[in-house]
Amino acid sequence: MTTTTSRPESGEQTAPDPTTRRRTAGHIRGLDGLRAIAVLAVIAYHLWPAAVPGGFLGVDVFFVVSGFLITTLLLRRMGGGGGLALRDFWVRRARRLLPALALVLVVGTLAARLVEPDLLVGVRRQWLGAWTFSTNWLEIAAGSSYFDATQPELFQPFWSLAIEEQFYVLWPLVLAGLVLAAGALHRHGGRSIAIAVGGAAVVSGVLMAVMYTPGDDPTRVYYGTPTHAFGLLAGAALAIAVTGRPAAAPAGASRSDLQALTRALPVVGLLVLAALVALLRDDSSFTYRGGIVLGSLAALALVAGCASEQPGALLKVLELRPVVWVGDRSYGLYLWHWPVILVVGAAFGDAPGSPLWWRVPVVALALSFGLAHLSHRFVEMPVRRDGFRAVAARAAAALRGPRPGARLAGVLATVLVLGAVVSVATAPAVTSTQRAIEAAQREIDRRAQEQAGDGTTGGDEKGTDSTGTDPKSTDPKSTDPKDTDPKGTDPKGADGQDPDAKDPDATDPDGEQGGDDEAAGPGRDAQGAIDGSGVVGFGDSVLSGAAPALFDAFPKIAIDAKPIRKWLDAPAIVRDAKDAGGLRPVVVLNFGTNGGFKFDGSREAFEETLDIIGPERQVLVLTVVGISYWVDDANAELVEIANSRPNVHVVDWHAYVAKHPGLLHSDKTHPNMEGIVAFADLLREALEKLDS
């Protein structure tokens, strides 16, 4: 996925001081504890996605809590005879949300500019979405992926803030219309409204299930307001059902039975939610066809328990002082933690699985909690308590006063805001990773054209290189293996020899006459150094990005690599090269960056690729580097397959990166300039072992 998730919104519930444990009349016990559980699940999902794969369900806990609280607030206002007071309602929402939002935008943008400018790609769109509460729709329109861990967006979590704000704008008007249509909020009218709203929640869940396409990126259904509003609507339906009337026992059930059910339901909900957080994955079809809905129902059971104050033991846990402290700051924690994780990770440069990787979560957690607390105390609470005008008036008075510290703070705040605005205006359009890959792709094309022109690799008049790839077809955005054209390839390799040439006196393992490819090796120059004339590489963006260093290290190597390729693409690519005579004695395979073996048929595609290459050639397969949960499993499966074939050898790029920090771009997947040199050195070591 995914990695980002949603953020909490407290509705209008009073935030009590946990040091005094005061409770106001409108406070519902336990909800701060639910917020704490939700935000901690989200943070754990972002820091340890393999250990907490379903932590993104914290989003849906927030949605259910928000729908319940906002609807409860509106019903109380309507029941009190004061009307909806929409202007006051929306002003309170702005006072609740905007101060922390503005602070995170300014500080996060400046920190990213100073540490890793790549994190600012797309930041202008993200700022626009944050201020207009349209992040989800802007990201859908831009084709962004919430679940692509290699392309993290600095303010990605704001998508859920957008959904909630859209709900806050429309829901009061819809609720008022429903109340008028029902006649009044008496017993039967309230029940009919609750049923209608619950029905809308069901429709939303069904829409997500129907619109989701297995194998496709699910961002559209995950970000869409109509397809992800069921949690908000379910919480609203519960608020309508329980407002103004005591719970009634179903027909045939005693009051004691109802009390037992009320006590048991929240516990069941907690157990179901815990199981889903531990097991649900963002790439599973079940997630979007019932999993998220089930998580929302579990959260609904917990909210119902808080509303009925049952069971008492669970409420005591949810009301523990540390839990309430976290829940009270959950909004700030959610806003801060994601940009902090990205900036800290970029600052340290530690690769996933490296001995020093622990520094990222430790420092990110400390900073997130510290910033959330400071933001809550000095920014959020003053505005929520006194309003924008009063806070602005106090700030202006301080600036005019005699204290130099206040004026210095004013100057610093101005510089920060201007710096953030300038950073947004000058943000890069593409990441350095993409620029490096595109430059490397151009180098691959250029060398192919030169080799075709001077005949050093046997290229023919059509300008194809020795792998059968038409240089004109190597657009880095092309992902279709059919883009390669094998027809114009000269079967001879870079040293003028044809690795597929048949020797009438030799027999290959299939019983056919053929040459001795194993003896040819990777190829060496006159000084005895490996020149790559016997090596051809096939792969994805990691291999194409490393091409400049590989060309420097092995001047006669042939490379056919493009972004977004998967193991599913490999058989056709390698078969076309073999048919065109483009295979060499040593074949390098570097697929797997885009999903590893998680797509159906990937393992079979890898084994088919090895069958096409044949046992007479030596194969070097590189392990995958990345922060996705499936990376370790993919590498383990790759090693398992390689060990079953004597001519296949694993080059453990993943282990090398783990021991040598600073070799990757900010996406923690692609090698940087230092990394591609290390990549070439590691490949040289493997080739030397083959040829020894």
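The structure reproduced in this document is the subject of the present report. Here the structure is a predicted model, which is why all the values come from computation and not from measurement.

## Thoughts on the overall build of the chain
Summing up its helical and strand segments, the chain has 26 helices and five strands in all. Of the accessible surface of the chain, which amounts to about 28,500 Å², a share of 61% is contributed by carbon and sulfur atoms.

## Remarks on the pairing of strand 2 (residues 558–561)
A regular strand places its side chains on the two faces of the sheet in alternate fashion. Covered by surrounding structure in strand 2 are Ala558 and Asp560 together with Ile559 and Ala561, the residues of both alternating faces. Pairing between strand 1 (residues 535–539) and strand 2: four bridges, direction parallel. When the bridges of strand 2 are listed, Gly537 appears paired with Ile559.

## Overview of the pairing of strand 1
With five of its five residues buried, strand 1 lies for the most part within the structure. Residues Val535, Gly537 and Gly539 point to one face of strand 1 and Val536 and Phe538 to the other, with burial holding for every one of them.

## With respect to the nonpolar core
With 107 residues, the main nonpolar core has Trp171 and Tyr222 as its most contacted residues. Membership of the second largest hydrophobic core comes to 35 residues, among which are Val542, Leu543, Val657 and Phe679.

## What to know about the packing of aromatic side chains
For the coordinates displayed, the defined rule picks out 22 aromatic pairs. On the numbers, 6.3 Å between centres and 85 degrees between planes, the contact of Phe63 with Trp159 is edge-to-face. Of this pair, Phe63 sits in helix 2 (residues 58–79) while Trp159 sits in helix 6 (residues 158–182), and the two are 96 residues apart along the sequence. The residues Phe63 and Trp159 share a single accessibility class, namely buried. Three or more aromatic residues joined by ring pairs form one cluster here, namely Tyr45, Phe56, Phe63, Tyr146, Phe147, Trp159, Tyr212, Tyr222, Tyr223 and Tyr288. One Lys or Arg, Arg93, reaches over the ring of Phe89 and ends 5.5 Å from the middle of that ring. Taking the ring centre of Tyr168 as reference, the NZ or CZ of Arg93 above it sits at 5.6 Å.

## Focus on the pattern of salt bridges
Under the criterion given, the structure shown has 19 salt bridges. Its salt-bridge partner being Arg92, residue Asp88 comes within 3.3 Å of it at the nearest N-O pair. You can see Asp88 and its partner Arg92 sitting in helix 3 (residues 86–115), four residues apart, about one turn around the helix. For Asp386, the salt bridge goes to Arg394, with nearest N and O atoms at 3.2 Å. A relative accessible area of 31% means that Asp386 is categorised as partly exposed. One network of salt bridges, in which partners are shared, links Arg603, Glu607, Glu637 and Glu640.

## Examining the packing of helix 3 against helix 14 (residues 330–348)
At a minimum axis separation of 10 Å, helix 3 and helix 14 run at an interaxial angle of 0 degrees. Considering the angle they form, helix 3 stands roughly parallel to helix 14. Contact residues: Arg96, Leu97, Ala100, Leu101, Leu103, Val104, Val107, Ala111, Ala112 and Val115 in helix 3; Tyr331, Leu335, Trp336, Pro339, Val343, Ala346 and Ala347 in helix 14. Residue composition of the contact of helix 3 with helix 14, grouped by class: 16 nonpolar, no polar and one charged.

## Considering helix 13 (residues 321–328)
By the burial criterion, the buried members of helix 13 are Val324, Val326, Gly327 and Asp328. Residues of helix 13 that are buried in the fold lie against helix 1 (31–47), helix 12 (312–318), helix 14 and helix 15 (359–386).

## Digging into the sheet that holds strand 2
Pairing is parallel across the open sheet formed by five strands, whose spatial order is 2-1-3-4-5. Only two strands of the sheet have a single neighbouring strand rather than two, namely strand 2 and strand 5 (648–651). Within the sheet, the average angular offset between the axes of one strand and its neighbour, ignoring direction, is 20 degrees. Looking at chain direction, strand 3 (residues 586–590) and strand 4 (residues 618–622) are connected through four bridges and run parallel. In the strand pairing of strand 4, Leu589 is matched with Val621. Its contacts with the sheet place helix 23 (residues 602–613) against strand 3, strand 4 and strand 5, and it is angled at close to 165 degrees to strand 3. Running at roughly 150 degrees to strand 5, helix 24 (residues 631–643) makes contact with strand 4 and strand 5 of the sheet.

## Overview of the environment of Phe56
Tracing the chain through its elements places Phe56 in the loop between helix 1 and helix 2. Each C-alpha atom, one on Phe56 and one on His46, is 8.4 Å from the other, the two residues being 10 residues apart in sequence.

## Quick word on the side chain of Thr669
Along the polypeptide, Thr669 turns up in the loop between helix 25 (653–659) and helix 26 (673–691). Of the residues examined, Thr669 reaches a relative accessible area of 3% and is grouped as buried. Once you skip the residues sitting within four places of it in the chain, Thr669 turns out to touch Thr150, Val542, Thr593, Val625, Gly626 and Leu664.

## Focus on helix 11 (residues 285–308)
Residues spaced three or four apart along an α-helix point in a common direction, a consequence of the helix completing one turn every 3.6 residues. Over its 24 residues, helix 11 runs 34 Å from end to end, which matches the ideal 34 Å to within 8%, given 1.5 Å per residue. Of all bends in helix 11, the biggest is about 50 degrees, found at Gly291. Of the residues flanking the start of helix 11, the one acting as N-cap is Ser284, its side-chain oxygen 3.2 Å from the backbone nitrogen of Phe286. Glu309, located one to two residues past helix 11, shows a positive phi value of around 55 degrees.

## Considering the environment of Leu622
The residue Leu622 is located in strand 4 in this model. Taking the C-alpha atoms as reference points, Leu622 and His649, 27 residues apart in sequence, are found 8.7 Å from one another. Residue contacts for Leu622: discarding those within four places in its chain leaves Val588, Leu589, Asn590, Leu638, Val651, Trp653 and Phe679.

What counts and how
Residues numbered from 1 in each chain as written. Predicted model: local features only at pLDDT ≥ 70, side-chain atom pairs only at ≥ 80, totals over all residues. Heavy atoms only, no water. Helix = DSSP H or I, 4+ residues; strand = E, 2+ residues; numbered from the N terminus. Areas by Shrake-Rupley, 256 points an atom, 1.4 Å probe, with all protein chains shown as cover. Buried < 20%, exposed > 50% of the residue type's maximum accessible area, 1.4 Å probe, protein only. Pairing = 2+ DSSP bridges. Core = buried A, V, L, I, M, F, W, Y, C linked by side-chain atoms within 4.5 Å. Phe/Tyr/Trp six-rings, centres within 6.5 Å; stacked < 30°, edge-to-face > 60°. Lys NZ or Arg CZ within 6 Å of the ring centre and 35° of its normal. Salt bridge = Lys/Arg side-chain N within 4 Å of Asp/Glu carboxyl O. Axes fitted to C-alpha atoms, helices over the stretch in contact; angles between N-to-C directions. Parallel < 35°, antiparallel > 145°, perpendicular 65-115°, else oblique. Contact = heavy atoms within 4.5 Å. Nonpolar A, V, L, I, M, F, W, Y, C, P; charged D, E, K, R; others polar. Expected span 1.5 Å × (residues − 1). Bend = angle between axes of the 7 residues up to and from the residue. Polar contact = N/O pair within 3.5 Å; in protein donor to acceptor, adjacent residues only side chain to side chain.

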